[in-house]
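# Notes for the structure review
If you want the building blocks of each chain, they are given just below.
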Amino acid sequence: MKSIKYLLAGCLLSAAFVQHAEAQQVQGFVHQQSKATDYVWPTDQQVLDKLDKWQDQKFGVLFHWGLYSVPGIVESWSICSEDVDWIRRREDLSYEDYKKWYFGLKDELNPTDFDPTQWADVMQDAGIKYMIFTTKHHDGFCMYDSKYTDFSIANGAFRNDPRKDVARHVFDAFRQKGFMIGCYFSKPDWHCPWYWHEHFATPNRRENYKRDRHPDWWKNYQTFTQNQLEELTSNYGSFDILWLDGGWVTGDDVNLDGILAKARQRHPGLISVDRSIRGKNENYQTPERGIPETQLDYPWESCITLSHDWGWVPNAPYKPAEKVISTLAEIVAKGGCYLLGVGPTPQGRIEQPVVERLHKVGQWLKANGEAIYNTRITPVYHDGKTWFTANKNGKTLYAIYTIEEGEQLPATITWKGNLPKGKMTLLQNGKRVSYKTNGDEVTVSVPAGLRTESLAFRFQAQ
Ligand code: GLC
């Protein structure tokens, strides 16, 4: 009962920050967005330039791939002993035995079909422009060949494969296609003995001892984490984004200032995303599994799963392409980027249902991408389900009328505000459409014979 109460309180709290958040069958909200007033604009011009470039991309993918992909369960969290509905684990094992079983998945993760080029092809076909990959999630299992631990894919069942340093191959495949590249790294590490020390039980997500009573343990954890961040930012080619998860450990805890100072010499303008840690190292904010209620004029990104889970799970209930498109339109009109969560299979591929949905999204973007990419926000940004974006000089406006799966196109579309001047073009077919105005209201006639999908219109602002 108590846990339901907490869950309810948590959900209500979350609702204050995000609108239409999806049902939380699997995971609760782990990270809230920092508050608007907490955003600190970077002072480094190269970071500002990169942020600007990143804001043009609009659509990214966040891959979660790790031990949890083998049984197809919630990423990492099942080894965290917090009593909430969305953290589930096998009931036939005690907690300690469960952790052993989970860590033992290291000897089962053997992605013999690993094909990062297929991942990149699928994402390119979807119109996705940037990528973020989990080099290490909270469970501490490294998806790269770390010098500082054996707990990695390079030392597990995949160790004899020439591609055992998988992160390197993933990043390279996407770089080759011109994507912006992001490195996901969890600061908390539930495998590191200096974070979860074996001397104590592990009652929650935090380190399981008092830092001031065991400063040496904490120091070891800090050194370990800094070393790993250093090796990732030194040996894995150029990154655009360092996406640091697990905000219950702060960047200051692991000397993020120092890491960034060095890293930015190798990766000029590197965007630092110290999630939910307000201040100068959170170069953009990351509302999770939902969309901010209103337009925001500083950099942000909504990370939202394509199914309910971040990682691959069997028979996942994927969202339809229509939902992805309407979400993208809403996020972009509010000034954000959309980071779509996709989990590669334990064998190392993007599965067919994802390929099909994303292909449909990509087809839509081929015709309508002009209303999305490289756009900026405009003051009147929506009326009902019509979302507005503007080109960078603010003179050309786009209206995106969004529909959901199974919905038909109406005969006319009406919105208030954003009155057009001169001709209006439908991006789906590049043809002119007719409209009428009445006061501050515009009514567009929808021609017959169109593909049933969200419609984007281009016009000049009055
Ligand atoms: C949360 C979760 C984590 C997930 C991330 C993705 O921070 O802790 O499991 O990777 O959200 O946004």
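Here the structure is a predicted model, which means the values were calculated and not measured.

Attention shifts here to the overall build of the chain. Each helix and strand in the chain was counted, giving 9 helices and 18 strands. Against the compact-globule benchmark of 23 Å for 462 residues, the chain has a radius of gyration of 23 Å, which places it among compact chains. For the chain, the C-alpha atoms occupy an extent of roughly 75 × 50 × 45 Å along the three principal directions. Looking at the 462 residues of the chain, the share that counts as buried comes to 57%. A separation threshold of at least 6 residues defines the contact pool for the chain, and within that pool the share at least 24 residues apart is 72%. Carbon and sulfur atoms make up 49% of the accessible area of the chain, which amounts to about 19000 Å² in all.

This brings us to helix α3 (residues 95–104). Listed in full, the buried residues belonging to α3 are Y95, Y98, K99, Y102 and F103. The buried residues of α3 occupy an angular sector of 130 degrees when projected down its axis, which confines them to one face.

Moving on, we come to the sheet that holds strand β17 (residues 441–445). Reading across the sheet, the 3 strands line up as β13-β17-β16 and stay open at both edges, with antiparallel pairing between neighbours. Taken across any chain shown, the strands that pair with only one partner, and hence form the sheet edges, are β13 (412–416) and β16 (435–438). When the angles between neighbouring strand axes are averaged without regard to direction, this sheet yields 20 degrees. Summarising the sheet, β16 and β17 pair through 4 bridges and their orientation is antiparallel. Counted as the bridge partner of N438 is E441 from β17.

A word on the site of the ligand. Taken together, 15 residues are adjacent to the ligand, and H64, E75, H137, H138 and D245 come closest. In this structure, an oxygen atom belonging to the ligand sits 2.7 Å away from a side-chain N or O atom of H137. Interatomic distance of 2.8 Å between a side-chain N/O atom of D245 and an oxygen atom of the ligand. With the chains in place, 100% of the 300 Å² that the ligand exposes on its own is no longer accessible. Along the lines of polarity and charge, the residues of the shell around the ligand split into 6 nonpolar, 5 polar and 4 charged.

Moving on, we come to the pattern of salt bridges. Going through the model one piece at a time under the given rule, you end up with 27 salt bridges. Among the salt bridges present, the one from E453 reaches R451, with a minimum N-O distance of 3.4 Å. Residue class for E453 comes out buried when judged on its relative accessible area of 13%. For R451, a relative accessible area of 44% corresponds to the partly exposed category.

Spatially, β6-β5-β4-β3-β2-β9-β8 is the arrangement adopted by the 7 strands of the open sheet, whose pairing is parallel. Across the chains shown, the open sheet's two edge strands, defined by having one partner strand only, are β6 (271–274) and β8 (301–305). Within the sheet, the average angular offset between the axes of one strand and its neighbour, ignoring direction, is 20 degrees. Across 5 bridges, strand β4 (residues 180–186) lies against strand β5 (residues 241–245) in parallel orientation. Each residue of the ladder has a partner; that of C183, found in β5, is L242. Each of β2 (59–63), β3 (130–136) and β4 is contacted by helix α5 (residues 166–176), which is oriented at about 175 degrees to β3, the strand it contacts most. Helix α6 (residues 215–235) contacts β3, β4 and β5 of the sheet and is inclined by roughly 165 degrees relative to β4.

On average, residues of the chain score 93 in pLDDT, and 92% of them reach the 70 mark or higher. Throughout residues 1–26 the model reports pLDDT below 50, and contacts reaching past four residues in sequence, or to other chains, amount to 40 contacts.

Turning to the packing of aromatic side chains, a few remarks are in order. This model, assessed by the stated rule, comprises 34 aromatic pairs. Ring plane angle 5 degrees and centroid distance 3.8 Å describe the contact between W54 and Y284, whose orientation is recorded as stacked. You can see W54 sitting in helix α2 (residues 45–57) and its partner Y284 sitting in the loop between β6 and β7 (291–292), a full 230 residues away along the chain. Taken individually, W54 and Y284 each receive the classification buried, so the pair is uniform in this respect. Summarising the aromatic geometry, the rings of W65 and W119 are spaced 5.2 Å apart at their centres and angled 85 degrees between planes, so their arrangement reads as edge-to-face. With W65 in the loop between β2 and α3 and W119 in helix α4 (residues 116–125), this residue pair connects regions lying 54 residues apart in the sequence. Residue W119 is classed as buried on the basis of its relative accessible area, which comes to 0%. Cation over ring: R168 sits above Y236, and NZ or CZ is 4.3 Å from the ring centre.

Analysis parameters
Residues numbered from 1 in each chain as written. Predicted model: local features only at pLDDT ≥ 70, side-chain atom pairs only at ≥ 80, totals over all residues. Heavy atoms only, no water. Helix = DSSP H or I, 4+ residues; strand = E, 2+ residues; numbered from the N terminus. Rg over C-alpha atoms; globule rule 2.2 N^0.38 Å. Buried < 20%, exposed > 50% of the residue type's maximum accessible area, 1.4 Å probe, protein only. Contact = heavy atoms within 4.5 Å. Areas by Shrake-Rupley, 256 points an atom, 1.4 Å probe, with all protein chains shown as cover. Arc of directions from axis to C-beta. Pairing = 2+ DSSP bridges. Axes fitted to C-alpha atoms, helices over the stretch in contact; angles between N-to-C directions. Near = heavy atom within 4 Å. Polar contact = N/O pair within 3.5 Å; in protein donor to acceptor, adjacent residues only side chain to side chain. Nonpolar A, V, L, I, M, F, W, Y, C, P; charged D, E, K, R; others polar. Salt bridge = Lys/Arg side-chain N within 4 Å of Asp/Glu carboxyl O. pLDDT = per-residue confidence, 0-100. Phe/Tyr/Trp six-rings, centres within 6.5 Å; stacked < 30°, edge-to-face > 60°. Lys NZ or Arg CZ within 6 Å of the ring centre and 35° of its normal.

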